[in-house]
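Tertiary structure, described
As a plain string of letters, each chain reads:
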Amino acid sequence: MANTRVTRQRQAVTDLLAHHDGFLSAQQLHAELLAGGQSVGLATVYRNLALLVDAGELDTLLRDDGETLYRRCGRSHHHHLVCRHCGHTVEITGPTVEAWASRVAAEQGFTDVSHSLELFGRCADCRSERM
């Protein structure tokens with residue numbers, strides 16, 4: 001994040017996200033920061049999340065209810081496999097998806113196409129808990 005000072009609050013948000021496996025909401029992050037003794041407002045959490053997303057340091061996921069979730073991810077293009085039960089998230093790549101998206105876009109006369117893909121299911125740990 002060039003020309004952006006790393007504040008104590010931004011570092012706290014970054015550190016917290018670095019230790020989580022799945023996606024978290026701004027409210028969940030805020031609650032965990034407060035529980036950990038950090039003095040930070042919810043608006044500050046949202047502001048820092050927006051900066052980190054703009055800098056390409058976080059991925060976002062829009063839940064069915066409209067709430068945005070955040071996760072620290074790799075910088076290369078990837079997709080996510082997310083457990084519906086516990087939120088465990090795995091980064092996946094899929095050349096077949098890229099080829100399909102490019103083909104469909106070209107067939108329809110589209111250029112400069114991007115995409116986002118998340119797959120949802122139940123991870124092995126949660127599947128075994130259910131049995």
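Residues numbered from 1 in each chain as written. Predicted model: local features only at pLDDT ≥ 70, side-chain atom pairs only at ≥ 80, totals over all residues. Heavy atoms only, no water.

A word on the sheet that holds strand E1 (residues 24-25). With antiparallel pairing, the 3 strands of this open sheet are ordered in space as E1-E3-E2. Single-partner strands in this sheet number two, and they are E1 and strand E2 (58-62). The pairing of E2 with strand E3 (residues 68-72) spans 5 bridges and is classified as antiparallel. When the sheet's bridge partners are listed, Thr60 is paired in E3 with Tyr70. Most of the contacts of helix H3 (residues 42-54) go to E2, to which it runs at about 110 degrees, and overall it touches E2 and E3. (Pairing = 2+ DSSP bridges. Helix = DSSP H or I, 4+ residues; strand = E, 2+ residues; numbered from the N terminus. Contact = heavy atoms within 4.5 Å. Axes fitted to C-alpha atoms, helices over the stretch in contact; angles between N-to-C directions.)

Turning to the confidence of the model for the protein chain, a few remarks are in order. Across the protein chain, pLDDT averages 86, with 95% of residues at or above 70. Within the protein chain, helix H2 (residues 26-35) carries the highest mean pLDDT (95), whereas helix H5 (residues 124-130) carries the lowest (81). (pLDDT = per-residue confidence, 0-100.)

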